[in-house]
Amino acid sequence: MYNPLQARDPLGKWVKEHGGASIEDVVSKTSMVDLENMALDDRTPTAVLNNLATTEYGFNHPFDEDKTYPSANGEPPKDARENRYNYEQQLVRYDAKVRCTAIERGADDTALSVCRFDYNPQIRNAVARNTDDARTLDVLSSDESWKVRGAVAGNPHTPKNATERLLNDDEAIVRAEALKRSDLNSGQIRKVVDDALEPTLHGDGAVTDDMEKITRAASDNWQADADTLHECLRVNDYETQRNVAEHEHTSQKDLQELAINADSAVREQVAFNPHASPETLNVLADDDWTQTRINVAGNPNTSAETLDYMSDQWSPHVKRAIATNSNTSVETLRKLSHDSDKSVRQLAYSGLKQKGEKAIDKPFKPDKPVEEENPGKYMSADFDPMEYFGLND
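Residues numbered from 1 in each chain as written. Predicted model: local features only at pLDDT ≥ 70, side-chain atom pairs only at ≥ 80, totals over all residues. Heavy atoms only, no water.

### Here we look at helix α17 (residues 264–272)
Here comes step 1: Those residues of α17 that sit buried are Val266, Arg267, Gln269, Val270 and Ala271.
Here comes step 2: Looking at where α17 begins, the residue whose side-chain oxygen comes 2.9 Å from the main-chain nitrogen of alanine 265 is aspartate 263. (Buried < 20%, exposed > 50% of the residue type's maximum accessible area, 1.4 Å probe, protein only. Helix = DSSP H or I, 4+ residues; strand = E, 2+ residues; numbered from the N terminus. Polar contact = N/O pair within 3.5 Å; in protein donor to acceptor, adjacent residues only side chain to side chain.)

### Looking at the packing of helix α21 (residues 316–324) against helix α23 (residues 342–354)
Here comes step 1: Closest axis-to-axis distance for the α21/α23 pair is 8 Å, and the angle between their directions is 10°. Relative to α23, the element α21 lies roughly parallel. Between α21 and α23, the residues in contact are Pro316, Lys319, Arg320, Ala323 and Thr324 and Ser343, Val344, Leu347, Ala348 and Gly351, respectively.
Here comes step 2: Residues that form the contact of α21 with α23 fall into these classes: five nonpolar, three polar and two charged. (Axes fitted to C-alpha atoms, helices over the stretch in contact; angles between N-to-C directions. Parallel < 35°, antiparallel > 145°, perpendicular 65-115°, else oblique. Contact = heavy atoms within 4.5 Å. Nonpolar A, V, L, I, M, F, W, Y, C, P; charged D, E, K, R; others polar.)

### Here's the deal with helix α7 (residues 121–130)
Here comes step 1: Where α7 is concerned, the buried positions are Ile123, Arg124, Asn125, Ala126, Val127 and Ala128.
Here comes step 2: Next to the buried residues of α7 lie α5 (80–104), α6 (109–115), α8 (134–140) and α9 (146–153).

### Some remarks on the state of the cysteines
Here comes step 1: Inspection of the entire model under this criterion finds zero disulfides.
Here comes step 2: No disulfide involves cysteine 115; its nearest neighbouring cysteine sulfur is the one of cysteine 100, lying 8.9 Å away. (Disulfide = S-S within 2.5 Å.)

### Some points on the side chain of asparagine 221
Here comes step 1: Within the element layout of this structure, asparagine 221 appears in the loop between α13 (209–219) and α14 (226–232).
Here comes step 2: Polar side-chain contacts of asparagine 221 include one of 2.6 Å to the backbone oxygen of leucine 179.
Here comes step 3: Residue contacts for asparagine 221: discarding those within four places in its chain leaves Leu179, Lys180, Arg181, Leu184, Ile189 and His247.

### A closer look at the pattern of salt bridges
Here comes step 1: For the structure on display, the rule yields 26 salt bridges.
Here comes step 2: With a shortest N-O distance of 3.0 Å, aspartate 194 and arginine 190 are connected by a salt bridge. Residue aspartate 194 and its partner arginine 190 are both found in helix α12 (residues 186–201); the two are separated by four residues, about one turn of the helix.
Here comes step 3: Exposure remark for aspartate 194: the relative accessible area of 28% places this residue in the partly exposed category.
Here comes step 4: A salt bridge links aspartate 341 to arginine 320, with the shortest nitrogen-to-oxygen separation between them at 3.3 Å. Taken together, the residues span a long stretch of sequence, with aspartate 341 in the loop between α22 (330–336) and α23 and arginine 320 in helix α21 at a distance of 21 residues.
Here comes step 5: Taking relative accessible area as the criterion, aspartate 341 reaches 6% and is therefore assigned buried.
Here comes step 6: A residue is classified by how much of its surface remains accessible, and arginine 320, at 26% relative accessible area, is partly exposed.
Here comes step 7: A single network of salt bridges, built from pairs that share partners, joins Glu212, Arg216, Asp237 and Glu239. (Salt bridge = Lys/Arg side-chain N within 4 Å of Asp/Glu carboxyl O.)

Okay, structure coming up:
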């Protein structure tokens, strides 16, 4: 694994190991595979990485008319012209692989400032992802390739003026990448969302993939405010709804709406949100999705009354969460200390001790076998827990 803190060999030592030849002489006689391994070596001097990052190596593999060069998809060429084209494309792929590896493994700004003007967008993309030079990032933020601009948007060293430019980019995927940045303020996020959703405000446009990209990214940014999150919900997108459901700035009104959402994953996130109100959590206490009820039982805002009500549910997972919730009343814990599930009883004992209460006068001995003594019984399709434990009498 690459360790950027590991000291590299001095250039003099590297030259000596290669018989005193210059960097140019060594790389010109080295195969593409060995060049890539050279770039991957943590001991390779930075000066060598700079050379690998800025040099094309097509001369290492001259064209052979008698050799067949397949396409990128592995298909053989149809004629000599296509064979030559496949050869040239292969060199581009090989060159890009070596050069990108050198950039990613530690080529310095001396090389990256040159590579930022490279004709190959793959090279410029690698520079955008790995440089910390503000000037280089500012130049690449106006690159013709949206992939390069997206890489700049995701770089934490991108300056503010370039970030503002990317937030207004023509490509939604670039704007969405910029919306993921942690250095944005709520006003910047709101503006991008409003601009993206403007067609729906006038009723002259349906929800598009671009709108979904924007609302997903905006709702996933913890700097977004409650009004922005509410606007994001105008797009009926499950991923956006899940992001809003777990966001700490989501309004209680929106959480209440999401608590009755058709998507179980959305309700599950509402139940997990520590800012959800006791009233919202109470609505989810009878949810069909077990994980949602587990999240309600473990939520610090769930009321003692709701926890007591849920303690009569069959799921031992729910009851374990209730037993560990600090809001659970002593009466509920005493009830759970007589549960048929051993782990529930143990957690209830611990909860009672933490509250300074005595658990029970004597160990609980159920009239019927408990779960750990009859594991096969619980796997049967005919098993009825209500009948088994006499709860329907």
